[in-house]
Amino acid sequence: MSQFVRNGQHLEETKKKTGGNWKNQHKEFVRAVRDARKVQAHIAKGGKVSDLPPPAPSENPDYKQCPYCKRRFSPTAADRHIPHCKDTKNRPKPPPNRPPNRKR
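The structure presented is a predicted model; accordingly, all values stated were derived computationally and were not measured.

Conventions and cut-offs
Residues numbered from 1 in each chain as written. Predicted model: local features only at pLDDT ≥ 70, side-chain atom pairs only at ≥ 80, totals over all residues. Heavy atoms only, no water. Helix = DSSP H or I, 4+ residues; strand = E, 2+ residues; numbered from the N terminus. Buried < 20%, exposed > 50% of the residue type's maximum accessible area, 1.4 Å probe, protein only. Contact = heavy atoms within 4.5 Å. UniProt positions renumbered as here; feature names shortened; annotations may be inferred. Salt bridge = Lys/Arg side-chain N within 4 Å of Asp/Glu carboxyl O.

**Q** Break down the overall build of the protein chain for me, citing the residues and quoting the values.
**A** The helix and strand inventory of the protein chain stands at three helices and two strands. Counting from the amino terminus, the protein chain carries its helices and strands in the arrangement α-α-β-β-α. By the burial criterion, 9% of the 104 residues in the protein chain qualify as buried. Once local pairs closer than 6 in sequence are excluded, the contacts in the protein chain between residues at least 24 apart make up 25%.

The structure is reproduced here in structure tokens:
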């Protein structure tokens, strides 16, 4: 019985835990930064934030969707939330899909 980790074994376990979606996360981050720069440039020119279209929703493939309220959670939070949401009787309706911003 050895109480010490073999040389390099802990590194292999770390690689398995991190997964392989770093590229998608990076693309999402770059997109978010570019959207923020567009907003800042629009404000600097004297425009209103309400004139801009809403940013595209970010999608995290690691999240689980609740079948009852359609919200998305991390796996550990989903394990806690879904049984609670299943028993909820007075659940608010999910938000409707909004049409694009129109001038009124």
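**Q** Help me get a handle on the UniProt feature "domain: C2HC/C3H-type" (unreviewed entry) in the protein chain, residues and values and all.
**A** Here the UniProt feature "domain: C2HC/C3H-type" (unreviewed entry) sits at residues 62-91. Helix makes up 40% of residues 62-91 and strand 13%, and the two end C-alpha atoms of the span are 25 Å apart.

**Q** Talk me through the pattern of salt bridges; I want residue IDs and the actual numbers.
**A** Inspection of the entire model under this criterion finds three salt bridges. Notably, a salt bridge pairs Arg31 with Glu28, separated by 2.4 Å at the nearest N-O pair. Residue Arg31 and its partner Glu28 are located together in helix H2 (residues 22-44), separated by three residues, close to a single helical turn. Classification of Glu28 by relative accessible area gives partly exposed; the value is 24%. For the salt bridge of Asp35 with Arg31, the shortest nitrogen-to-oxygen distance reads 3.0 Å. Residue Asp35 and its partner Arg31 are located together in helix H2, separated by four residues, close to a single helical turn. Through salt bridges with shared partners, a single ionic network connects Glu28, Arg31 and Asp35.

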